[in-house]
Amino acid sequence: MKAFAVCVAFAAAAAAPAFGQELVARQGNDSVRLSDAACQSELVLARVEPGAADDYKAATAQFQGQTFVACWRTMGGVAHLVYEDGDQGVIPMQELKPALSA
């Protein structure tokens, strides 16, 4: 399981604001990058609730040197991630920062 993305769920009432750039959460060398683009992974979309596919956006995670494809959506004050292998995780929205661009 991608332990970095499986943080304790943080109960917050505010929904996440819309954003126009990628958001990143980091822990050591591991990171999760959330995009505002629609989820394109058929493997992930097959795993989400029927009718919820349009709510999911693209994401990637770097964990122990490997890249994992995921999709995410906001749920309360957290980003809920679903990975292609079926793992799931949450990241508190306040842990996410705008990605730095070169």
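Further up the page is the structure itself.
About the criteria used
- Residues numbered from 1 in each chain as written.
- Predicted model: local features only at pLDDT ≥ 70, side-chain atom pairs only at ≥ 80, totals over all residues.
- Heavy atoms only, no water.
- Disulfide = S-S within 2.5 Å.
- Helix = DSSP H or I, 4+ residues; strand = E, 2+ residues; numbered from the N terminus.
- Buried < 20%, exposed > 50% of the residue type's maximum accessible area, 1.4 Å probe, protein only.
- Pairing = 2+ DSSP bridges.
- Contact = heavy atoms within 4.5 Å.
- Polar contact = N/O pair within 3.5 Å; in protein donor to acceptor, adjacent residues only side chain to side chain.

A.B. asks: Go over the state of the cysteines with me, naming the residues and quoting the values.
C.D. replies: What the rule picks out here adds up to one disulfide. A disulfide bridge connects Cys39 with Cys71, and the sulfur atoms are separated by 1.9 Å. In this structure, the disulfide formed by Cys39 and Cys71 twists by about 65° around the S-S bond and is classed as right-handed. Taken as a pair, Cys39 in the loop between strand S2 (30–38) and helix H1 (42–45) and Cys71 in strand S4 (residues 66–75) lie far apart in primary sequence, 32 residues in all.

A.B. asks: Which residues make up unusual backbone geometry, and what values go with them?
C.D. replies: Of note, the phi angle at Gln64 is positive, near 50°, even though the residue is not glycine. Among the secondary structure elements, Gln64 is positioned in the loop between strand S3 (57–63) and S4. Judged by its relative accessible area of 64%, Gln64 is exposed.

A.B. asks: Tell me what's going on with the sheet that holds strand S5 (residues 78–83), and back it up with residues and numbers.
C.D. replies: Read across the open sheet, the seven strands follow the order S6-S5-S4-S3-S2-S1-S7; overall the sheet is antiparallel. Two strands lie at the open edges of the sheet, namely strand S6 (88–92) and strand S7 (97–98), each paired on one side alone. Alignment of strand S1 (residues 23–27) against S2, held across five bridges, turns out to be antiparallel. By the bridge assignment, Ala25 is partnered in S2 with Val32.

A.B. asks: Go over the environment of His80 with me, naming the residues and quoting the values.
C.D. replies: Mapped onto the elements, His80 comes out in strand S5. Measuring from C-alpha to C-alpha, the distance between His80 and Met93 comes to 9.8 Å, with 13 residues separating the pair along the chain. When residues no more than four places from it in sequence are discounted, the contact partners of His80 are Tyr56, Cys71, Trp72, Arg73, Met75, Gln88, Gly89 and Val90. Within polar-contact distance, the side chain of His80 engages the side chain of Tyr56 at 3.4 Å. Of the polar contacts made by the side chain of His80, one reaches the side chain of Gln88; its length is 2.7 Å.

A.B. asks: Provide a residue-level description of the pairing of S4, including the pertinent values.
C.D. replies: Along a regular strand, successive side chains alternate from one face of the sheet to the other. Two elements, S3 and S4, share seven bridges in a ladder whose sense is antiparallel. Counted as the bridge partner of Phe63 is Gln66 from S4. Counting the residues between successive antiparallel strands, the hairpin from S3 to S4 contains two residues, one of them, Gln64, with a positive phi of roughly 50°. Here six bridges tie S4 to S5, and the two strands are oriented antiparallel to one another. For Arg73, the partnering residue across the bridge sits in S5 and is His80. Counted between consecutive antiparallel strands, the loop separating S4 from S5 contains two residues, among which Gly76 sits at a positive phi close to 65°.

None of the figures reported here should be taken as evidence of function without further support.
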